[in-house]
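Chain residues, written in single-letter form:
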Amino acid sequence: MLMNLLRVLLERKLIVGLLVVFILGIGFYSIGKLDQELLPPVTMDGGIIYMESGSLTSSEVEERLTLIAEQSIEGVEGIDSYTSTSSEGLAVIQYFTDEGMGKEASLDVESTLQSITSDLPVTELTVQQFSTDQPYEFFMDISEGSINEMTTFANNVLKPRLEALPEVREVAFTGLQEKEWELVFDEDKLAEHELTVDQAIKSIQEVNLDLSLGELSDEEGQPSLRWEQSFQSIDDLMETRMGSVQIEDIAEVTEITSEIQAETWKNGDAGFIFTEIGRTDGFTQIDMANAVRSEVALINEENLVSGFSLNEIVNQADYVQDAIDGVTQSVLFGGIIAIIVLFLFLRNPRATIIVGLSIPLSLLLTFSTMWIIGYSLNMLSMIALGLGIGMMVDASIVIMESIYRKKENGFVGKEAVMTGVKEVASPVIASMLTTIVVFLPIGLFGGEMGAFIIVLSLVVVITLVSSLLISFTVIPTFSENFLKLRKNSTRVSDGPITQTYGKILQWVSEKKRRSIYVISLFLVILASSLFLTAKVPVTLMPDIFNRYTELTVDLETGLSAEEREDIADAIHFQLEDLQDVDSYIVMDNIDNFYVLVNLTKDNEITVSQDKVVSKVISSIRELEDETPISNVLSMMDTGGQQSIQMEVVGEDFEELQLLAEDVQNDLKTVEGVTNVVTSFKNSQETKRIVLDEDQLKNDGISKMTVLEKLTLSETVDPIAEIPSNNETSDYIPVFIKADESPKTIDNLLDVTVTSREGEKTLSEYVSFTSLDTPNKIERIDGKRVIQVTASIENRDLGSVNSELQELISNRKDLPGYEVQLSGDLETQQEAMNDLIFIFIISLFLVYVVMAIQFNSLKHPLIIMSIIPFTATGVILGLLVTQRELSVISAMGLLMLIGIILNNAILLVDRTNQLRREGLPIREAMVQAGKNRLRPIFMTTMTTVGGMLPLAILGGASAGYQAPLATVVISGLLFATTITLLLIPSIYFLVEREKQTIIQEARVEKIEKSS
């Protein structure tokens, strides 16, 4: 059928011409339609819940929020597991769902929690599904001016102007000058009117209402009826009445600058506003960046930026463009190198042009398919194109070389094309199928990394299928008339390299033991290389080199604003003189610092990003002994988690703490493990109130009276919001502040209360007991857990993992308590197990395809015998370059299965063809090797040449592309060398044994018949 279709195309070349025009048209159109982004938008199977709860302690949060929320989400369909952290005023729950259930389960979780929050002390609920999309991707700062003027500009100019853009979803600020109303009640006046603060608050909230009262159904148009009596000014609040008394009679109000606003520092200087800009769904980072920059330019032209400056800090779009430009450059260079290799081998400009056409046509067809299925131009898809650039000419090279050789042997016109294509059609299709089926099991790869790998592998498959279509249509059609032989190029003899290779095959196949020698030699090389495996660097996911980094600096709780400012100054002192650090921002989130560090770019780069980031982290960690810094984490390394995470699971906190300290000490003995801390490192003292109920009863004092006296007369949450008239914000919150709030236990005990016998102090009725509660209480699937975390320096994740596995296996803990790996180490294990499983399935599918192709069970085994030896080349390549084996670079191993088998298939298929034509085994094998040597070299060198720029060029995506290309290049070069000797040796050995057995059977049969 294929040959009949080819005959039609050769007779009606107009069909191919129109096909080429169609591919060119739709290809260039689709390039303009493809979105550009750093990574493909991937939603993951899980999410995170934030439940804010005012000033509850960690124990109260666990009991009154976390446990109830866990029980609620446990019944949601699709929830697989969950972890939680209870800290002062906040419950954080991470949940993980069954595969493919992330979106549906997240909606159900949010709905379930919203239905119960009215009965819980929750001030704010947030549910977010995990995704590669970041909430904010464009960062700016407003600095070098009056904080009041900058705040006014931010709220009244920048925010409304940018949020009016369709590309912008939200603009958020940190460091604004925020105002609040402070309401202070006079205790004497309250007592005079026999009122309490709680009664005053209740009266204020009862009248401050906007309500819909329903519809007037019998009126025309059925108008709605509304009650709108919310406060429009602070005077409205102060005129609120409680009987004959107004609030202004018993309290004073003052407008002040908020004390709880987050502080920010830029290069050690305070007083600037950090601006974060989020993108609207449906627009790319580049769309948003262009829109924001245009609007900012208009704002500057209108002279609205005066007395201060507005600057860009980090823009994700720049890194998107850099990454895509870098990979595009690699693809272009790879294509040029592949074409140069073709010309050096063929030394025929026309042949080079014909094969060279397959590269742009295959790429354009790939772009068209990507556009149709909704893929984008991102770092992964571009790397896939870079990997495919070398392979996409493999089929074209084999077909072209076969047609070229037929013309050298005297065939002309359609006969040369038909004969040449027919000779190689079967192995070309089989080779391409083996490469494609390798990627079919990728869908079994679980987790978020599976989503990334599927994108990469599918683009590779699209590229290969596109190139196969071009090779069987465009190449033969153009080769009939356009392909001309060089003068005096009629083939009379093989070249010196081919002749030498033929002599080597003759020597190997002359005696059985020589084939055994060759096989044994390669087995020794393979076994020796396996001892080097432990020295290959291993990681989970590679870094993105975008010349900036984000850190989280965890702080001990209970620090004053002055103490946090001292820490910020210390961080500035550590970073100000670091090499290749351009600028940095420290943002105070109360219990931690967010640190954004910009590195030098372009010609100013003197140190690689990974080394600078490592130095930044270690410099801040040096402060842990002298400042209340508890931990330093990179937010750009697996979401801000440390490389090593171990969980100590149980119920009793004291026993858990002892076990955690034991694990902590064990980790400190492992080489390369640093910054070992536990999540139970800090606890907070809580004073529990004990009442003397008998004395209260005797003096006629109620518990509520004592409670009112003990209450610090302050509110954490605002009791009302008043519309602003100062242009710095829309509303100003109103907080209750104490007139003279007691600050110590003695102050509290000295507070007076009226009894039957007159004024007495609370010390006669109240005492206190101390209780230490952890700052954080963590749970996994309902069980309490203490996390032991650590970082890795100067070692890779894989080598440390093996030591930790041994450490855990040697532990003997109490029943009901266990120590287990989590974080990167657990994920790495799961990922590698998935890869091994996928590798096995891929091998089986490859075997099935070749078994059908050769109609043999043993020939596929002969061809696949090359696979284990490929590992030697991969190990040596990664070891020499010191590049890491990650989930992404491990994809190169799967690609190698298909690529290296192509050469072996060409050899074995040609040998079988010659044997069917009547040649003996030895002559057929030698002749097949000489026939296929040139196309094998050509496909190998074009693939290597096409991927070489990915391996050596830098850029934002170098961490992803370079190790992957290194795996393919080193494995392919080594495998090709081995294929040319190992496959003939095994083939000769197996077939010779088979022939011997057949001959012995024939002799035995003749002897019996005689």
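Rules used in this analysis
Residues numbered from 1 in each chain as written. Predicted model: local features only at pLDDT ≥ 70, side-chain atom pairs only at ≥ 80, totals over all residues. Heavy atoms only, no water. Helix = DSSP H or I, 4+ residues; strand = E, 2+ residues; numbered from the N terminus. Buried < 20%, exposed > 50% of the residue type's maximum accessible area, 1.4 Å probe, protein only. Contact = heavy atoms within 4.5 Å. Phe/Tyr/Trp six-rings, centres within 6.5 Å; stacked < 30°, edge-to-face > 60°. Core = buried A, V, L, I, M, F, W, Y, C linked by side-chain atoms within 4.5 Å. Axes fitted to C-alpha atoms, helices over the stretch in contact; angles between N-to-C directions. Parallel < 35°, antiparallel > 145°, perpendicular 65-115°, else oblique. Left-handed = near helix turned anticlockwise from the far one by under 90°. Pairing = 2+ DSSP bridges. pLDDT = per-residue confidence, 0-100.

Looking at an unreviewed UniProt entry, the protein carries the name Acriflavin resistance protein, with the source organism given as Salipaludibacillus neizhouensis.

**Q** How do you make sense of the environment of V613 when you look at a structure like this?
**A** Within the element layout of this structure, V613 appears in helix 21 (residues 609-621). V613 sits in the buried class, given a relative accessible area of 13%. In this structure, the C-alpha to C-alpha distance between V613 and V597, residues 16 residues apart in sequence, is 8.7 Å. The contact partners of V613, leaving out residues within four places of it in the chain, are T549 and L599.

**Q** Just to check I follow, could you spell out the packing of aromatic side chains for this structure?
**A** A ring pair, where both rings are aromatic, is described by two values, the distance of the centres and the angle of the planes. Under the counting rule described, the total for this entry stands at 7 aromatic pairs. Both rings, one in F96 and one in F130, keep their centres 6.3 Å apart while their planes meet at 40°; by these two values the pair is tilted. With a gap of 34 residues between them, F96 in strand 3 (residues 90-97) and F130 in strand 4 (residues 124-131) connect regions that are remote in the sequence. Each ring, one from W265 and one from F593, has its centre 5.9 Å from the other, and the planes form 55°; the classification is tilted. Placement of the pair is W265 in strand 13 (residues 264-266) and F593 in strand 19 (residues 592-599), with a sequence separation of 328 residues. In terms of burial, W265 and F593 fall into one category: buried. Through a chain of ring-to-ring contacts, the aromatic side chains of F139, F274 and Y594 assemble into a single cluster.

**Q** Can you walk me through the nonpolar core in this structure?
**A** Inside soluble globular proteins, nonpolar side chains tend to come together where they are buried. Residues I142, F153, I277, V292, V421 and L901 are the most contacted members of the largest nonpolar core, which totals 164 residues. For this core, the element with the most residues is helix 32 (residues 958-1009), which contributes 14 residues. With residues up to four places along the chain from it excluded, the contact list for V292 reads F138, M140, L162, L165, V168 and I277. If you look at the next biggest cluster of nonpolar residues, it comprises 27 residues, including V553, V581, V595 and L623.

**Q** What's the story with the packing of helix 29 (residues 867-881) against helix 30 (residues 891-916) in this structure? I'm lost.
**A** Axis angle and axis distance: for two packed helices, these are the angle between their axes and the distance between the axes, and together they describe the pair. In the contact formed by helix 29 and helix 30, the axes pass within 10 Å of each other and the chain directions differ by 120°. The angle between helix 29 and helix 30 falls in the class oblique. Judged by the sense of rotation from one axis to the other, the crossing of helix 29 with helix 30 is right-handed. From helix 29, I867, T870 and V874 reach across to helix 30, where they touch L893, L896, I897, I900 and L901.

**Q** Which parts of the structure should I look at to understand the sheet that holds strand 5 (residues 138-143)?
**A** Strand pairing in a sheet takes place through backbone hydrogen bonds and is either antiparallel or parallel in direction. The strand order 6-15-5-16 describes an open sheet built from 4 strands, whose pairing is antiparallel. Of all the strands in the sheet, the pair left with one neighbour each is strand 6 (168-174) and strand 16 (309-315). This sheet shows a mean twist of 25° between the axes of neighbouring strands, independent of strand direction.

**Q** Looking at this model, I keep getting lost on the confidence of the model for the protein. Mind explaining?
**A** Any region with low pLDDT has predicted coordinates that should not be read closely. Averaged over all residues, the pLDDT of the protein equals 80, while 88% of them reach at least 70. The secondary-structure element of the protein with the lowest mean pLDDT is helix 13 (residues 379-391), recorded at 72, while helix 10 (residues 285-301) shows the highest, at 91.

**Q** What should I look at first to understand the sheet that holds strand 20 (residues 629-634) in this one?
**A** If you trace the 6 strands from one edge of the open sheet to the other, you get 14-13-18-19-17-20, paired in antiparallel fashion. One side of each edge strand has no neighbouring strand; the edge strands of this open sheet are strand 14 (269-270) and strand 20. Here strand 13 pairs with strand 14 via 2 bridges, running antiparallel. Among the inter-strand pairings, W265 is bridged to a residue of strand 14, identified as A270. Running at roughly 170° to strand 18 (residues 581-588), helix 20 (residues 561-575) makes contact with strand 13, strand 17 (548-555), strand 18, strand 19 and strand 20 of the sheet. Along the sheet, helix 21 contacts strand 17, strand 18, strand 19 and strand 20; its crossing angle with strand 17, the most-contacted strand, is approximately 15°.

**Q** Would you mind showing me how to read the side chain of S203 here?
**A** Mapped onto the secondary structure, S203 falls in helix 7 (residues 197-207). For S203, a relative accessible area of 16% corresponds to the buried category. Every residue in contact with S203, bar those within four places of it in the chain, is listed here: T240 and M242.

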